[in-house]
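So you can see what is in the structure, the chains are spelled out below.
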Amino acid sequence: MTALSTPKELGYRFPAEWEPQAAVWFAWPTRDDLWAGVLPRVREQLAGLYVLAARFQPVRVLCPQSAQAELRALMAKAGDSSAVTFYDYQTDDVWCRDYGPLFLLSEDGSELCMTDWVYNAWGNKFPLQQKDNKASAWLADHLGLRRFAFDTVLEGGAIESNGGGQLLTTEVVLLNPNRNGEISKQLIEVRLATGLGINEVLWLHDGLEGDDTDGHIDNLARFFKADGILMASVNDPEDDNFAALSENVSRIQAFRTPGGQPYATVHLPLPDPIYLDGERLAASYMNYLVLNGAVLVPTYGQPQRDAEALAIIADCYPGREVAGFDCRDIIREGGAIHCMSQQQPATQA
């Protein structure tokens, strides 16, 4: 008899983001070539983001010793940073949703483990990726957590869990040859089930225009409860995203819960198009972060659109404080709040 060896066999599950969290992780930008012309301002903003998140739960930041004094000073200007802890690790980039560990909980919720997947910078689009790819192994060692390593390329922003065994993702990312070569939908489903303890994969097709990731789910659709899905949408048929988002909405409306019911669905309109050097950016309100008692939502300097998005998200997360966070500069590098964070679930005694 072979010993049980995979997260699925051992009864681990992939919790939903709205479940209780022990901490949220970020990575501090140390490269000077990021956010050309606005890096000092972005660093101030990120320090403010860490302080904001620390109002609700512990915050853990991957930040090399050499940069910690600067970050500490910036956070002191922003407010109370007593709940922020530094981990002396230098990353290549800030998008730890994609290269950071995907945490799983044991069946009874008493044990946390870490799954470590290959990160190749969204299909080898960027050369600096080795430190990012090694971050999960370093963290497992420092946190003393059981680590399951897989040789499959998978980014955290490409998948979304409802905590009940279902996973949302996109074909344009997970079936893209730039991730795992030519791979069948059936094989990737088996790998996701084995490695994340899930039972069913719900597939959308395409992503947003201008998305360096090829089409991550966290810009397109999010579970807001086990049987509810928020869907990015646009009303203008002339919008470059209209066809892809309309197809995604149709697919979501055809999905069924494990009990055979349709999902409760809510439309979340995109912000008005934002461009940089003539290229459309992948700006979406869907790139929000759920914390204990709060939801942090990217805003884009569009008062009416921003307010509408905050109200829709607040309706989906009753009892949580919903806070907007200006991402007009941050989006220039291709992501927002969810992309640069990774939640660590809380265990139960």
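The preceding data block contains the structure.
Read on for a plain summary of the structure. (Residues numbered from 1 in each chain as written. Predicted model: local features only at pLDDT ≥ 70, side-chain atom pairs only at ≥ 80, totals over all residues. Heavy atoms only, no water.)

### With respect to the layout of surface pockets
Here comes step 1: Looking at the largest pocket, its volume works out to about 280 Å³.
Here comes step 2: If you trace the largest pocket, you find 18 residues lining it, with Asp93, Trp95, Trp122, Phe126 and Glu333 closest to the centre.
Here comes step 3: Residues of the lining of the largest pocket, tallied by class, amount to 9 nonpolar, 3 polar and 6 charged. (1 Å grid on protein atoms, 1.4 Å probe; cavity = no way out; pocket = protein on both sides within 12 Å on 5 of 7 lines; lining within 4 Å. Points joined across faces, edges and corners; volume = space filled by probe spheres on them. Nonpolar A, V, L, I, M, F, W, Y, C, P; charged D, E, K, R; others polar.)

### Quick word on the packing of aromatic side chains
Any pair of aromatic rings gets described here by the distance separating the centres and the angle formed by the planes.
Here comes step 1: On inspection of all chains with the given rule, the structure shows 13 aromatic pairs.
Here comes step 2: With a centroid separation of 5.7 Å and an interplanar angle of 90°, the aromatic rings of tryptophan 122 and phenylalanine 126 are classed as edge-to-face.
Here comes step 3: By relative accessible area, phenylalanine 126 is classed as partly exposed at 36%.
Here comes step 4: In textbook terms, an aromatic cluster arises when at least three aromatic residues are bridged by ring pairs, as seen for Tyr99, Tyr119, Trp122 and Phe126.
Here comes step 5: The aromatic ring of phenylalanine 86 is capped on one face by arginine 72, whose charged end is 4.3 Å from the ring centroid.
Here comes step 6: Above the ring of tyrosine 288, the side-chain terminus of arginine 222 is found at 4.2 Å from the ring centroid. (Phe/Tyr/Trp six-rings, centres within 6.5 Å; stacked < 30°, edge-to-face > 60°. Buried < 20%, exposed > 50% of the residue type's maximum accessible area, 1.4 Å probe, protein only. Lys NZ or Arg CZ within 6 Å of the ring centre and 35° of its normal.)

### Brief notes about the pattern of salt bridges
Here comes step 1: Inspection of the entire model under this criterion finds 18 salt bridges.
Here comes step 2: Across the pair arginine 13 and glutamate 19 runs a salt bridge whose closest N-O atoms are separated by 2.6 Å.
Here comes step 3: The class of arginine 13 is partly exposed, set by a relative accessible area of 27%.
Here comes step 4: A salt bridge links arginine 280 to aspartate 239; its shortest N-O distance comes to 2.9 Å. Of this pair, arginine 280 sits in strand S14 (residues 279-280) while aspartate 239 sits in the loop between strand S11 (228-233) and helix H10 (242-254), and the two are 41 residues apart along the sequence.
Here comes step 5: For arginine 280, a relative accessible area of 10% puts it in the buried group.
Here comes step 6: The structure contains a network of salt bridges with shared partners spanning Glu17, Arg97, Glu160 and Arg222. (Salt bridge = Lys/Arg side-chain N within 4 Å of Asp/Glu carboxyl O. Helix = DSSP H or I, 4+ residues; strand = E, 2+ residues; numbered from the N terminus.)

### Things to note about the sheet that holds strand S8 (residues 166-170)
Here comes step 1: Spatially, S7-S8-S9 is the arrangement adopted by the 3 strands of the open sheet, whose pairing is mixed. Each end of this open sheet is capped by a strand with a single partner; those strands are strand S7 (160-161) and strand S9 (200-204).
Here comes step 2: Where S7 meets S8, 2 bridges bridge the pair, whose relative direction is antiparallel. Residue pairing for S8: serine 161 is matched across the bridge by leucine 167. (Pairing = 2+ DSSP bridges.)

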